[in-house]
Amino acid sequence: MDPELTAGERNAWIYAGCLSQQTTEDKIKTFLNKKGIPRERIMCEELRILENNKAFKIEITFQHRADTENPEFWPKKVVIRPFRFPHGRRTTGVDLPTSDPPTSHM
């Protein structure tokens, strides 16, 4: 095991849509922080859409994902779903074991 190479924190990406034109990245971060998600763990990016409303890609730590999946968490009529990365824009990976596998002696 290499102590210089360790796993990072697992994240979840959320699509938030049907938000008013007054919504900003900072307002989303403030809202999520008030709901218990540490502000420094929130990344938010406004998406370009063809509608009059706004939409955002939100990245949070995976441990808070279940909270955000509860409809009571969000204001009424806001559309929330898992963010789907455009085809070919996200790399695939593998889950590696978190401990050294047992060694077999021959």
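1. Here we look at the overall build of the protein
Regarding its fold elements, the protein presents two helices and four strands. Reading the helices (α) and strands (β) of the protein from amino to carboxyl end gives β-α-β-β-α-β. Put simply, the protein has 106 residues, and 25% of those count as buried. In the protein, once contacts between residues fewer than 6 apart in sequence are set aside, the share between residues at least 24 apart is 67%.

2. Side note on the nonpolar core
Counting residues in hydrophobic clusters, the biggest one holds 15 residues, and the most contacted among them are Ile28, Leu32, Ile58 and Ile60. Only strand E1 (11–19), helix H1 (25–34) and strand E3 (54–61) provide two or more residues apiece to this core. Residue contacts for Ile28: discarding those within four places in its chain leaves Leu19, Thr23, Cys44, Phe56 and Ile58.

3. Here we look at unusual backbone geometry
Even without being a glycine, Cys18 presents a positive backbone phi close to 60°. With respect to the helices, strands and loops of the structure, Cys18 is situated in strand E1. Given a relative accessible area of 39%, Cys18 falls into the partly exposed group. Non-glycine residue Lys77 carries a positive phi angle of around 75°. Structurally, Lys77 is set in the loop between helix H2 (65–68) and strand E4 (79–82). Note on Lys77: relative accessible area 77%, which makes it exposed.

4. Points about the side chain of Lys54
Examined against the element boundaries, Lys54 turns out to sit in strand E3. A polar atom in the side chain of Lys54 sits 3.2 Å from the backbone oxygen of Gln21. Those residues in contact with Lys54 that lie beyond four places of it in its chain are Ala16, Gly17, Cys18, Leu19, Ser20, Gln21, Thr23, Glu46 and Ile49.

5. Concerning the sheet that holds E1
The strand order across the open sheet built from four strands is E2-E3-E1-E4, with neighbouring strands paired in antiparallel fashion. The outermost strands of the open sheet, each flanked by one partner alone, are strand E2 (43–47) and E4. Taking the axes of each pair of neighbouring strands and ignoring which way they run, one obtains an average angle of 25° across the sheet. The pairing of E1 with E3 spans seven bridges and is antiparallel.

Here is what the cut-offs are and how they apply
- Residues numbered from 1 in each chain as written.
- Predicted model: local features only at pLDDT ≥ 70, side-chain atom pairs only at ≥ 80, totals over all residues.
- Heavy atoms only, no water.
- Helix = DSSP H or I, 4+ residues; strand = E, 2+ residues; numbered from the N terminus.
- Buried < 20%, exposed > 50% of the residue type's maximum accessible area, 1.4 Å probe, protein only.
- Contact = heavy atoms within 4.5 Å.
- Core = buried A, V, L, I, M, F, W, Y, C linked by side-chain atoms within 4.5 Å.
- Polar contact = N/O pair within 3.5 Å; in protein donor to acceptor, adjacent residues only side chain to side chain.
- Pairing = 2+ DSSP bridges.
- Axes fitted to C-alpha atoms, helices over the stretch in contact; angles between N-to-C directions.

Worth remembering: the numbers are spatial, not functional.
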